Amino acid sequence: MNKRLSTASGWLAATLTGAVAVGCSLSTPVIAPGASQIAGNVGTLSLQGRRFVQTGETAVSISYRSKAELQKLVDAGLDVWMVQPGTVSGAVSRQLLNELKENGVTFTMLSPTEGYSIRSTFDRGYQTTASLPGTMWALAAKYPAICKVEDFGDSWEKTTGKGGSDLLMFHIGAGNNKAQKPGIVFFGNHHARELVTVEIPLRLATLLLEGYGKDPAITDLVDTRDIYIAPMINPDGHVHAEKGESWRKNTHSDKADVTVEDRGYFGTDLNRNYGFKWASGGASSNPTDETYMGKSAFSEPETQAVRDFMVSHKNIKIMMSYHSFSNLILWPWGWSNSPTPDADKLSTIGKKLAAPGKYTPEQASDLYVASGITDDFTYGQLGMLSFTTEIGTWNDHFDPPYSRVDKFWGENKDGALYLIKLAGETNAAFGPEPRLENGKVVFDGHGVTGKVTEVETYVGKPGAPGTGTKVAVKGESIDLTGIEATGKGRVYARGRDANGNWGPAMAIRL
Ligand code: 0X9
Ligand code: ZN
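What you are looking at is a predicted structure, and each value in this text was computed from that prediction instead of being measured. (Residues numbered from 1 in each chain as written. Chains lettered and ligands numbered in written order. Predicted model: local features only at pLDDT ≥ 70, side-chain atom pairs only at ≥ 80, totals over all residues. Heavy atoms only, no water.)

**So, the overall build of the protein**
Then, number 1: Looking only at helices and strands, one finds 12 helices and 21 strands in the protein.
Then, number 2: Scored against the burial criterion, the 510 residues of the protein give a buried share of 59%.
Then, number 3: Nonlocal contacts in the protein, meaning residues at least 24 apart in sequence, comprise 74% of its contacts between residues at least 6 apart.
Then, number 4: Taken as a whole, the protein presents about 18,800 Å² of accessible surface, with 52% of it coming from carbon and sulfur. (Helix = DSSP H or I, 4+ residues; strand = E, 2+ residues; numbered from the N terminus. Buried < 20%, exposed > 50% of the residue type's maximum accessible area, 1.4 Å probe, protein only. Contact = heavy atoms within 4.5 Å. Areas by Shrake-Rupley, 256 points an atom, 1.4 Å probe, with all protein chains shown as cover.)

**Digging into the layout of surface pockets**
Any empty space left between the atoms is revealed when a probe the size of a water molecule rolls over them.
Then, number 1: Taken as a whole, the largest pocket spans an internal volume of roughly 460 Å³.
Then, number 2: Lining of the largest pocket is provided by 31 residues; of these, L328, L330, L367, Y368 and E390 occupy positions nearest its centre.
Then, number 3: Tallying contributions element by element places strand β3 (residues 79–84) first for the lining of the largest pocket, with 4 residues. (1 Å grid on protein atoms, 1.4 Å probe; cavity = no way out; pocket = protein on both sides within 12 Å on 5 of 7 lines; lining within 4 Å. Points joined across faces, edges and corners; volume = space filled by probe spheres on them.)

**Let's talk about the packing of helix α3 (residues 131–142) against helix α5 (residues 196–211)**
Then, number 1: α5 packs onto α3 with a crossing angle of 10° between their chain directions and a minimal axis gap of 11 Å. Considered as vectors, α3 and α5 are oriented roughly parallel to each other. Residues L132, T135, M136 and L139 of α3 form the contact with α5, whose own contacting residues are V198, L202, A205, T206 and L209. (Axes fitted to C-alpha atoms, helices over the stretch in contact; angles between N-to-C directions. Parallel < 35°, antiparallel > 145°, perpendicular 65-115°, else oblique.)

**Focus: helix α2 (residues 94–102)**
Then, number 1: L96, L97, E99 and L100 are the residues of α2 that are buried. Taken end-on, α2 shows its buried residues confined to a sector of 160°, consistent with a single buried face.
Then, number 2: Where α2 is buried, its residues touch β2 (58–63), α1 (67–75), β4 (87–92) and β5 (107–109).
Then, number 3: Just past α2, the residue G104 takes up positive phi, approximately 65°. (Arc of directions from axis to C-beta.)

**Considerations on the nonpolar core**
Then, number 1: Among the nonpolar cores identified, the biggest contains 80 residues, and I172, F186, L208, M310 and F387 are the most heavily contacted of them.
Then, number 2: In terms of residue count, helix α12 (residues 405–423) provides more of this core than any other element does, 10 residues in total.
Then, number 3: Once you skip the residues sitting within four places of it in the chain, F387 turns out to touch M319, M320, S321, I329, L330, W331, L346, I349, G350, L353, D375 and L419.
Then, number 4: Formed by 25 residues, the second largest nonpolar core is a distinct cluster that contains V60, V88, L97 and M109. (Core = buried A, V, L, I, M, F, W, Y, C linked by side-chain atoms within 4.5 Å.)

**A look at the coordination of the zinc ion (ligand 2)**
Then, number 1: At 2.0 to 2.3 Å from the zinc ion (ligand 2) lie its protein donor atoms, namely H191 (ND1), E194 (OE), E194 (OE) and H323 (ND1).
Then, number 2: Along the chain, the residues donating to the zinc ion (ligand 2) fall in the pattern H-x2-E-x128-H. Comparing H191 with E194 shows no difference in burial state: the two are buried. (Donors = N, O, S within 2.8 Å, 3.2 Å for Na, K, Ca; no water.)

**Observations regarding the pattern of salt bridges**
Two side chains with opposite charge may pair up if their charged atoms get near one another.
Then, number 1: Scanning all chains against the criterion turns up 21 salt bridges.
Then, number 2: Between D79 and R193 there is a salt bridge, with its nearest N and O atoms 2.9 Å apart. Here D79 is found in strand β3, whereas its partner R193 is found in the loop between β9 (183–188) and α5, with 114 residues between them in sequence.
Then, number 3: For D79, a relative accessible area of 1% corresponds to the buried category.
Then, number 4: The exposure class assigned to R193 is buried, which follows from its relative accessible area of 1%.
Then, number 5: Between D223 and R490 there is a salt bridge whose closest N-O contact spans 2.9 Å. Taken as a pair, D223 in helix α6 (residues 216–224) and R490 in the loop between β19 (477–479) and β20 (491–497) lie far apart in primary sequence, 267 residues in all.
Then, number 6: Here R490 falls in the partly exposed class, since its relative accessible area comes to 21%.
Then, number 7: By sharing partners, the salt bridges in this structure join D414, R435, E437 and D444 into a single network. (Salt bridge = Lys/Arg side-chain N within 4 Å of Asp/Glu carboxyl O.)

**Quick notes on the site of ligand 1**
Then, number 1: In the neighbourhood of ligand 1, 15 residues make up the surrounding shell, with R248, N271, R272, Y368 and E390 lying closest.
Then, number 2: N271 is positioned such that a nitrogen or oxygen atom in its side chain is 2.9 Å from an oxygen atom of ligand 1.
Then, number 3: At 2.7 Å from an oxygen atom of ligand 1 is found a side-chain nitrogen or oxygen belonging to R272.
Then, number 4: Look at ligand 1: alone it shows 420 Å² of surface, and the protein chains cover 98% of it. (Near = heavy atom within 4 Å. Polar contact = N/O pair within 3.5 Å; in protein donor to acceptor, adjacent residues only side chain to side chain.)

**Concerning the sheet that holds β3**
Then, number 1: An order of β3-β4-β2-β5 is seen for the 4 strands of this open sheet, with the pairing classed as antiparallel. Each edge of the sheet is formed by a strand with only one pairing partner; in this case those strands are β3 and β5. Direction aside, neighbouring strands of the sheet carry axes that sit 20° apart on average.
Then, number 2: Bridge count for β3 against β4 is 5 bridges, and the pairing is antiparallel. Its bridge partner being in β4, D79 is matched across the sheet by A91.
Then, number 3: On the sheet, α2 packs against β2, β4 and β5 and is oriented at approximately 135° with respect to β4. (Pairing = 2+ DSSP bridges.)

Here is the structure:
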């Protein structure tokens, strides 16, 4: 019996009647008869229509009866793709597959054959490692007064003379005193195969730059915030994803000769390598696993670059890291099941971020405990409000057609703008958020904060709550009639709910 999966209380305490179901064909329902008896099981998942390729890994759907059982699988190196009640789906190494069998764990094969896992597709609409720098420079060059592309580090291949890439970010903001302004950072693509996570940051940068001077709220945010957007943290891994490999980690390899079955010898999981509570569960110490934590905390040049950037930009108040998939909004802790001291604030913000796309908001460890993740470092070490968004559904997987990006951007655009607003006044998280919609200022609590009951405006710059000019509220909005008479200069609005919570101020006229 394998030590990693068995415990005294008995992973094997087999109340499960289902035998190990192996060798399912693609047309076979993927939930084994035994698995269907597990409470909370929510139906079948399949990878129908997918191509498979020999990687040494096998795609499986595993039944679990408790959070502790799920965690054991994650700790043992399961590459989690999606968690559902009673079932977790993902890829297992040959070793873990054998352990599942030896321990009588109920699982079904999603792969047609052992040792074959999913082949990704790469829609040519997506940015590549080669195309992204040019795209970023070209966009920034159109807005030189408010945007620069900054090189904040090197990929592993670059640091080791194997080619590789610079790590690039947009730095957006007006004026020369940016470092004195409240800052925010957005990251994409810690995990190479999560293709849409490059595009969302890119769309955000485009929105901010194209909206500057046109949209009052965007213009004011660019004027008053210090905004950093790094679309691709893992350019080396992304090159593999572009070839159709389901590549997650960076490409760090200390092994000279690798075969196709040794694929896992390459790479450290960049979202297990951060140095806050590194190696505290949900991360593998085996270099062949997809969740390999690395030799030491911050062993990778990519995480070092993020660390050094964050540590030297103390004005940054909020961090968002985009991942895929599962339609989730997550916040710290990831390494511990305990709530953080900021749980109220993080969950209030998280619920609002989740609302437009109907994502599930939860503390990251509610999904499973994982350590060395970006959010725990930026929150735990640096005190920044930190979030992870997991974009897309099971059917989207890691490689949806590029045409899906419009929908994903629609689900995440308002949340990104909301975070930029909040970076200036994070305590305003509990109040209603103003948004401009068809010539009206709509106060959107997304059903999370209370409805707006009081609105005030300020001219010139946003004043403290309670110090502005009262404006009549009509339903959930105010119209802009009368705002013209407020005097010269930029006009801001701020709302309050019936519980007395003030939300963030937003520019409604330039
Ligand atoms: O496992 C990850 O790194 C993230 N999921 S992904 O499918 N994009 O790989 C989620 C990390 C969230 N944190 C915790 N679950 N603790
Ligand atoms: Zn990810």
